[in-house]
Every structure is written in structure tokens, then in C-alpha cells.
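Breakdown of the fold
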Amino acid sequence: MSDQPLVQMRGITKRFGGVTALQDVNLEAYAGEVLAIVGDNGAGKSTLIKILTGVYQASEGEIFLDGKPLEMASHSDAIDVGIDAVYQTLALADHLTPANNMFLGNELTKTVMGIKMLDNTRMKSEATRVLDERLGVRLRSMDVQTDSLSGGQRQAVAIARAVYHEDLRLLVMDEPTAALGPQETARTLKLIKTLREQGLAVILISHSLDDVFEVADRVHVQRRGRAVGVVQTAESSVQEVLGLIVGAQDAVA
Amino acid sequence: MAATTTNLTEKTFMDRLEPYLTFIGPMVMIFAILLFMGIAEPVRYFRLSNLNLILLDAALYMPMAMAMTFVITQRGIDLSIGSIAALSGILMAFLIKQYGFSAYIAIPLAILMGAVMGLINGLIITRFKVPDLIGTLAMDLVYRGLALVIAKGLVLARFPDLLTDIGRGQIPGFIPVPVVIGLLTMALGYWALTRTHFGRYTISIGSSPEASEMTGIAVDRHKIYAYVLMGACAALAGVMLTGKLNAIQATSAPYFNLHVIAAVVVGGTSLFGGRASMIGSLAGVLLLSMMINALVTLRIEFFWQSVASGVVIVSSVALYTWMQKKDRDGARSLLAGLRTTEAQKLMKFSALLIGLLILLLAAGAGLATDPTPSG
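Residues numbered from 1 in each chain as written. Chains lettered and ligands numbered in written order. Predicted model: local features only at pLDDT ≥ 70, side-chain atom pairs only at ≥ 80, totals over all residues. Heavy atoms only, no water.

Brief notes about the domain arrangement of chain A
All names here are of chain A.
- Per the domain assignment, the segments of chain A are domain 1 (1-82 + 169-253) and domain 2 (93-167).
- Centre-to-centre, using C-alpha coordinates, domain 1 lies 27 Å away from domain 2.
- Taken together, the contacts link 15 residues of domain 1 with 15 residues of domain 2.
- Of the roughly 1,100 Å² buried where domain 1 meets domain 2, counting both sides, 62% is carbon and sulfur surface.
- Of all residues in domain 1, Glu 184, Leu 191 and Gln 198 bury the most surface against domain 2, accounting for 39% of the area lost on that side.
- If you look at where domain 1 meets domain 2, you find 4 residue pairs in polar contact (both at pLDDT 80 or more).
- No other element matches helix α6 (residues 182-197), which puts 5 residues into the side of domain 1 that touches domain 2.
- Considering only residue class, the side of domain 1 that touches domain 2 consists of 8 nonpolar, 4 polar and 3 charged. (Domains from an automatic or database assignment. Contact = heavy atoms within 4.5 Å. Buried area = accessible area lost by both parts, 1.4 Å probe. Polar contact = N/O pair within 3.5 Å; in protein donor to acceptor, adjacent residues only side chain to side chain. Helix = DSSP H or I, 4+ residues; strand = E, 2+ residues; numbered from the N terminus. Nonpolar A, V, L, I, M, F, W, Y, C, P; charged D, E, K, R; others polar.)

Some details on the nonpolar core
- Counting residues in each nonpolar core, the largest one holds 92 residues, and the members touching the most others are Met 68 and Phe 256 of chain B.
- Those residues within four positions of Phe 256 of chain B in sequence are excluded, and the remaining contacts are Leu 60, Tyr 61, Met 64, Ile 81, Gly 82, Ala 85, Ala 237 and Leu 241 of chain B.
- Within the second largest apolar cluster, 49 residues are counted, among which are Val 34, Ala 99, Ala 158 and Ala 216 of chain A. (Core = buried A, V, L, I, M, F, W, Y, C linked by side-chain atoms within 4.5 Å. Buried < 20%, exposed > 50% of the residue type's maximum accessible area, 1.4 Å probe, protein only.)

Structural notes on the sheet that holds strand β9 (residues 170-174) of chain A
Residues and elements named next belong to chain A.
- Taken in spatial order, the 6 strands line up as β6-β9-β10-β3-β11-β12 in an open sheet, and their pairing is mixed. The two strands at the open ends of the sheet, each matched to only one other strand, are β6 (83-86) and β12 (226-232). Between one strand axis and the next, the sheet turns by 20° as a mean value, whatever way the strands run.
- Where strand β11 (residues 218-223) lies against β12, 6 bridges are found, and the strand directions are antiparallel. The residue bridging Arg 223 from the neighbouring strand is Arg 226, located in β12.
- On the sheet, α6 packs against β3 (34-39), β9 and β10 (201-205) and is oriented at approximately 155° with respect to β10. (Pairing = 2+ DSSP bridges. Axes fitted to C-alpha atoms, helices over the stretch in contact; angles between N-to-C directions.)

With respect to the side chain of Thr 13 of chain A
- Note that Thr 13 of chain A resides in strand β1 (residues 7-16).
- If we ignore the near neighbours within four places in the chain, the residues touching Thr 13 of chain A are Thr 20, Leu 22, Gln 23, Asp 24, Ala 58, Ser 59 and Glu 60 of chain A.

A closer look at the confidence of the model for chain B
Residue and element names in this part refer to chain B.
- Model confidence for chain B is summarised by a mean pLDDT of 87, while 90% of its residues fall at 70 or above.
- The lowest-confidence element of chain B is helix α1 (residues 13-17), averaging 62 in pLDDT; the highest-confidence one is helix α6 (residues 103-126), averaging 97.
- This model gives residues 1-10 a pLDDT under 50, and the stretch forms 16 contacts once residues within four places in sequence are excluded.
- Prediction confidence for the complex, expressed as pTM and ipTM, is 0.85 and 0.81 respectively. (pLDDT = per-residue confidence, 0-100.)

Topic: the pattern of salt bridges
All names here are of chain A.
- For the structure shown, the criterion picks out 15 salt bridges over all chains.
- When the shortest N-O distance is used, the salt bridge between Arg 138 and Asp 132 registers 3.7 Å.
- On the accessibility criterion, Arg 138 (51% relative accessible area) is exposed.
- We note a salt bridge from Glu 214 to Lys 193, for which the minimum N-O separation is 2.8 Å. Of this pair, Glu 214 sits in helix α7 (residues 209-215) while Lys 193 sits in helix α6, placing them 21 residues apart in sequence.
- A single network of salt bridges, built from pairs that share partners, joins Glu 126, Arg 129 and Glu 133. (Salt bridge = Lys/Arg side-chain N within 4 Å of Asp/Glu carboxyl O.)

Below you can see the structure in the form of C-alpha cells.
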């Protein structure tokens, strides 16, 4: 873990009309580290990461990338600077093959006799390579529909889409294990650890404190739009974090 | 993460068959017709001139089935194609007969006008958020009405050779010209479906509109593309029909929409979106033409055609739905479902309806007097 945070959010406030969703929130994410964001429903977790991934713009506050101020007008701006997200729904089209899903909206093409067309062969080989090299996942067949894959494999395809961009530096994962069984959850957590070892900064949103303590290095706790504490998982316990979430106990933010 | 550990033995015979289902389905039905006709009327059905006739009939529907495959795969539907074909045909006929346009210009013009009508359909659906079923049904009335307004009941006939060549020309010793056109559009459609952004996004939009939107695909624009393609292909069919009959009137092509939708659905393209089969659509078109031709060959009254088409559509869609159902609720046989209480209630209700029907018929027959002939 380096000293300089990869991404720093400072004094982020977000208002929707008269409702203040976020109030003066600070957040730091480091390369090679998994940061978990936890909190009750409506605590502002989703709003926070939507600001970080350029979907929303903060009403007040600044975001720094490598210490330099960062202005994002849309999600594609965030992707351009190496910040991407994997949503809970995974945004997969079930009838397409894993490779086609991985390149959906960003297909590889070739030009044959002056006509630009999709390069299905190269997309398949690239998808196989990225899944294997970056995520250590080998699918039995790359020609099946994505809906025939297991939950963990689908997650891998969605992550592969993000990590295919070589300049990806921060990956946000919104409740990746919410709909998974124990076995698939273990696989997904292993994927997250693999990404951390590759030097990526990972931000994980989760309701499951067991998962959080399994993979995260630090935990950022949100309550009612405010950051109420950041704790190191090595020096903390589920009880302490739970206390922060429900407000029974306050730590120094 | 270890490689997948999915149990191979879980794969049943049906699972392995499933990818080929869309192709096997219509093929089985085509072979059933061939077999049946081979026994019933082999001489007249398999005559070369009759096979030519089947192809000629099928060719008319191939371009539309190709385009409809895209529309349906995107979870859409277009009920206006018959009217687009008629209106484009009428407009082309007027340009040639009334204004002396060259057929070489009037034909591409007609196809472009069809594309514009498709564009209007697409804009109504994506911009005004009118559901496709209602939107295209209403536009069907509009286009048909305009065709009637323009043609005023006239039949326009006798067109330049180019048009009749397109509609019914025969390449000596080979297949008719329209069949070449139809197969070409089908091949182009297959290429577009598998090798272009439009085709890929068509499947993803039908599979999951939300996911497509999230990955940055212009969902509305690609929907409009599909309707424009549909309009252009319907107009092409209108041109081919005009050439085939060497005549066109405003009431031409009345049942194009249902015939084409039937062919596409029979071919295994899912009405629920995401599942496309261009080869299946071609097989579906051939199947319907073969079936209708078989009815004619067997000298069955013309009106039975519509009954047969309906039965084929319902049974094939029901079959696909049943086969694609992942979880069959442990139902071991079709009859197992009849033992539930819900099924019992439905059976009693049906029995009541049929009982009433029989009662009324019996009463009518018992009280009947000598009928007075009408008219």
C-alpha cells in the first residue's frame, strides 16, 4: 500500500432538492487495497459511489486522483481515467455468449474489403485470455449463453469487462455477493483478492460483514449520509462495525 | 478461482438439444409435410413446377421475415407491414403509370418510402412511447387508408419488364429471380445479425434493455434501425408483389403481418426477445408456403388455410415455451398438472360452459321450426 491515496474524496455533500443524501463525507482509496463501504439502507453508500463513478455530480466537495483534482461529467469520464464499477445486476445480456457480453458496447472490429464488421473470433480469444490471466477463471465452454453460467462465473464476466481496460485503477463493486450462495460468494471474494494482488484499488459495498472482514483492509462506515468512522479490519471486530452502523458507538472519523 | 465444477451429468438430453432446437423444430415440421405429401399426393406435389411455385410464394415473405426477426428479437412487433407494402406499391405504381418515372428510379424510391414509413413507426414507439402493438396497429390503419385515398379503388396494372422480372422472372434452368432476391436478403440478414453492431445490439436489447442501456448502447436508435429495416423490406415485398401479379391495388397484401410473424415465431425466434434464428425464419417461411401449397394440392377449400396457419402458430409457440421452461415444477407428465385443485376448478368451469352450450343447442334443435331461407 502506497502512502499517496489513489483517489481522495474531500468534503463531499450531495443534495437532491431539499434532501441531503451526503453530508461532508471524506473517503480515501489506495492502490492494492480493498476498502469496504458499509451502512444501513439510506446511509448514502450508493450515492457516494455514484459520485465517485461520475454518475452523479457532488453538490459540494472535491475528488482527487493521484493528488490532482478530478472533474467528471459522466460515467464515461470516470472510465476514461480508470474508474469503473460492476453493478449488482451485472448488466449482462443473458442470451449473448460470455465473450460477447464482455465486449458489449465496446466490440472489437475488423475490416474486410472495406466493410467494418465484428471480430467474433478475436473477442472470444481475448475474453478467454482475460478471464484466465486476470481472474483465473476457465469456463467449460465460451459458446454457451451467459444465463447458463453460475453466479460466480457471471460475476467474473462482469469484472472481466471492467479489467479489460488495461488502465483500470479503481473498481467499485456494488453488493457483488448479495444474490450468491456460500460457494459462489467464496469464489467472488477470491476474485476480489486477485484484483487486489494485481495492484487495483477495490471499493466494495456490502451488507455482509462476514464478507467485509474476509476481504477488506479497511471499512468505511456510513450512517444517515455521514461518514461515522473508518476502521482497519485487522484491529477491529464485527461488533465494533455493527455498533458504528446502528449508531450505538461513535469512532473518530 | 478454480475452473468450473459444474456437474456434467446434470446435462440432460434436452439441454444438449436446446441450442439446435430453433433449427430442428421447423425442419421436423417440413419433413412431416414432405412425408405426408409423399404419401398423399406425391405426383402433383413434387412436380418441378409445383416446387417452383412454393419457392415463388416463399420468396415474397423472405425479406420481411428477415427484418421481422430483428424487430421481434428486440421485443418489438410490427403489424403495419402489409399496409406499408401496399402503400409503397401503390406509390411506385403511380410514379410509373401517372408521372412516367423510370422503373429504375421508382423501385428504389418505393423501398426508401417504405424505410421512411418504418422510421415513422420507430419514432412513434421510441419518442412518443406508444407501445409497439398499438402504435404499429394504428399506423397500419393510417398507411392502408392513405393507399385507399391515393388509389381510389383503382387496380394499376401492366408494368415495365424490370418490375415483372423482379416479381416473377425465371433464371433459365435455375430458380426464379424473386427467390434469389429473397435468399440474398436472408443471407444479408444472417450476416448483419452475427457480424455487425446492429445485430449484436439487437440481441442484447431484446435480452436485457437495462443492461444494454447501462453498457452505453443507444437502445432507442437501434430500435429505430430495426423498424426502418422492416419498412424497407416490407416495401421491397410490395415491389415484388406488384411485379408478381403485374398489378397492384390498395387492398393488396392484407395478411402479410400475421403470416410473417408466424414464420419468424415458428422458426424459433422468441417473442420474449433475445433469441434470434435467421435460419429458423427461413425455414419458417418455407414451412408456411409448403403447408399452404399442400392444402391447395390436396384440393382443400381455400378458407381452411387460415385455420391451418393459426393451428401451426399456436402449437409451435406452445411447444417452444414448454421446451424452454427451465423449471418444470417436477411435472413428470402433462397429465400430472390436471390433478391440482386449480386445474380441477378450471375443468369444472370448462365443463359448465360446454354443458350450457350443449343444453342450448339441444333446446334449439327441440324447438326448431321449418327454416325460412334467407334472401
